[in-house]
Amino acid sequence: MQSRRRFLNTLSLPAAAVAVGMPLRPTELRASAIDISQELRRHVGAPDEIAGDEDFWFEVARAFTVDRTLVNLNNGGVSPSPGFVQEAMKRHLDFSNLAPSYTMWEILEPQREGVRSRMAREWGVEAGEVAFTRNASESLQIMQFGIDLARGDEVLTTTQDYGRMITTFNQRVRREGIVLKQIQIPVPAEDVSRIVRLFEDAITPRTKAILASHMINLTGQILPVTELTAMARRHGIPLIIDGAHALAHFDFSLGALDVDNYSSSLHKWLFAPHGTGLLYVRRDKIPEVWPLMAAPERMDTDIRKFEEIGTHPAANYLAIGEALTFHQGIGPKRKDARLVYLRDYWANTLLENDNVRLHTSQKPGFACGIANVEVLGVAPNDLRDYLWRQHRIITVSINHAEFQGLRVSPSVYTTISELDRFVDAVDHVAKHGLPA
Ligand SMILES: Cc1ncc(COP(=O)(O)O)c(C=O)c1O
């Protein structure tokens, strides 16, 4: 068999690259991401002022390739990526396909370390504490399956945590005989000490793990994960944090949160390629968590043990870099302020109707761009279908045992006139009901 070195020597990579029209430095940060970010950085003004500066947000919106014949108000589910993020991914994929065992494994894969350190820097943690995963589900399942539990041990979460994460614990209930306890929390919840008390009161001597969302997907509710972690630490219990919707949505430093782990999707609010996620595990906690796919013992203390998933694309992960550049160009504080501005823009108008309820706090720090709105007497599924069929507006209907409504999540590319389309349509239903 030909040795690996001899095989590589037979490749004339630059020639091959030129032959297929590839750039010689395939992973360079292309001007477009940098250019637009530089342009955006030039705008001066406090985040609250920029939040309503439509010229600024028009520049941001131009980066996206979205279909403007419809109004997509489900950016919480999954986000479109800006054009230059898509292009970066395609470029890396093309380059990977020149000779994957060399171009993907040898050239591109090591560059993941650069993206890792940039992401770590941005969120105030160490590179050795950040793993890339395929999504928040994978990050969370690493945490949920990665701790040893015995028959009768209890895990605690809320009735509002994400369905797949409940399913994950329920599989352990069926397979290993653990016990899942779910508490109710108010909608909206605006009292930090009460929220912490509700969790603490449900702890028993058998409680071995707690799962809580930093931002609840159903309503956009932000939970006090720092205070919850401190409480869980006092009881010697790990708190698993579901930050699927929080990272790159509202502004915070992961390091300053002082938590032990954090799971997020990057294809939601960072606008990174679909199929990218992040898992943060505090350095001293890494040895305590088993990876989902086996890794050798020598990797016990290495965050990369969570990335031992076999062959995977390099393109997705490298293009996170472009998404990060864009995020930095927009500015996390300005993004946060804009998402609040958009929420209040549509919500305050609709709330002028007596029969409209917002199941989301408008108090600073308790929610951001995602909100849940109910038109009393109108089934959320019917309203969602009406908005889509009659107005080409995408929303999500939420039918929870404790509340119901439409989940609305505009994004940085959403225009005010698109929100007006939504407001006019729902306002009409609030006043006159759904057409027969
Ligand atoms: C609260 C929450 N957790 C986890 C997830 C899973 O994210 P993903 O589908 O990207 O794995 C979601 C997805 O919407 C979510 O809303």
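Below is a short write-up of the structure. All residue numbers here refer to positions counted from 1 along the written sequence of the relevant chain. Where totals are concerned, whole chains, interfaces and linings use all residues; where local detail is concerned, this predicted model gives features only for residues with pLDDT of at least 70, and gives and counts side-chain atom pairs only at 80 or more. Only hydrogens and water are set aside; all other atoms, that is, all heavy atoms of the structure, feed into the side-chain values.

**Quick word on the site of the ligand**
In the vicinity of the ligand, the contacting residues are Asn135, Ala136, Ser137, Tyr162, Asn217, Asp242, Ala244, His245, Ser265, His267 and Lys268. N or O atoms closer than or at 3.5 Å make up a polar contact, with two conditions inside protein: a donor-capable atom paired with an acceptor-capable one, and, for residues adjacent in sequence, both atoms drawn from side chains. Contact distances for the ligand include 3.5 Å between an oxygen atom and a side-chain N or O atom of Asn135. For the accessible areas, the method is Shrake-Rupley and the probe is 1.4 Å, while residue cover comes only from the protein chains on display. Protein contact buries 91% of the 390 Å² of open area that the ligand shows by itself. Residue classes in the shell around the ligand are distributed as three nonpolar, six polar and two charged. We call a residue near a given molecule or strand whenever any one of its heavy atoms falls within 4 Å of it. Each residue is assigned to one of three groups, with Ala, Val, Leu, Ile, Met, Phe, Trp, Tyr, Cys and Pro labelled nonpolar, Asp, Glu, Lys and Arg labelled charged, and all others, Gly among them, labelled polar.

**Remarks on helix H17 (residues 416-432)**
What counts as a helix is a DSSP run of H or I of at least four residues, what counts as a strand is a run of E of at least two, and both are numbered from the N terminus. Given the number of residues in a helix, its expected span is that number minus one, multiplied by 1.5 Å. Taking 1.5 Å per residue, 17 residues should reach 24 Å; H17 reaches 24 Å between its end C-alpha atoms and fits that length. In this scheme, a residue with accessible area under 20% of its type's maximum is buried, one over 50% is exposed, and one in between is partly exposed, where area comes from a 1.4 Å probe on protein chains only. Those residues of H17 that sit buried are Ile416, Glu418, Leu419, Phe422, Val423, Ala425, Val426, Val429 and Ala430. Positioned one or two residues after H17, Gly433 has a phi angle of 80 degrees, which is positive.

**Focus on the pattern of salt bridges**
The term salt bridge refers to a pairing of a side-chain nitrogen on Lys or Arg with a carboxyl oxygen on Asp or Glu at a separation within 4 Å. What the rule picks out here adds up to 28 salt bridges. With a closest N to O distance of 2.8 Å, Glu307 and Arg116 form a salt bridge. Taken together, the residues Glu307 in the loop between strand E8 (277-281) and helix H13 (315-318) and Arg116 in helix H7 (residues 100-122) connect sequence positions 191 residues apart. Take Glu307 and Arg116: they sit in the same class, and that class is buried. One salt bridge connects Arg233 with Asp260, and the closest N-O pair in it is separated by 2.8 Å. Here Arg233, found in helix H11 (residues 225-234), pairs with Asp260, found in the loop between helix H12 (254-257) and strand E7 (261-265); they are 27 residues apart in sequence, far enough to count as distant. Classification of Arg233 as partly exposed rests on a relative accessible area of 34%. A cluster of three or more residues bridged by salt bridges with shared partners is formed by Glu109, Arg112, Glu113, Arg116, Asp302, Arg304 and Glu307.

**Brief notes about the sheet that holds strand E12 (residues 396-399)**
The strand order across the open sheet formed by four strands is E9-E10-E13-E12, and the pairing between neighbours is antiparallel. Two strands close off the open sheet at either side, each with one partner strand: strand E9 (356-358) and E12. Here the average twist between neighbouring strands, direction ignored, is 30 degrees. As paired elements, E12 and strand E13 (residues 404-408) share four bridges and run antiparallel to each other. Bridging across to E13, Ser397 finds its partner in Leu406. Think of it this way: DSSP has to see at least two bridges between two strands before they count as a pair. Between the N-to-C directions of two axes lies an angle of 0 to 180 degrees, each axis being a line fitted to C-alpha atoms and, for a helix, fitted only over the stretch in contact.

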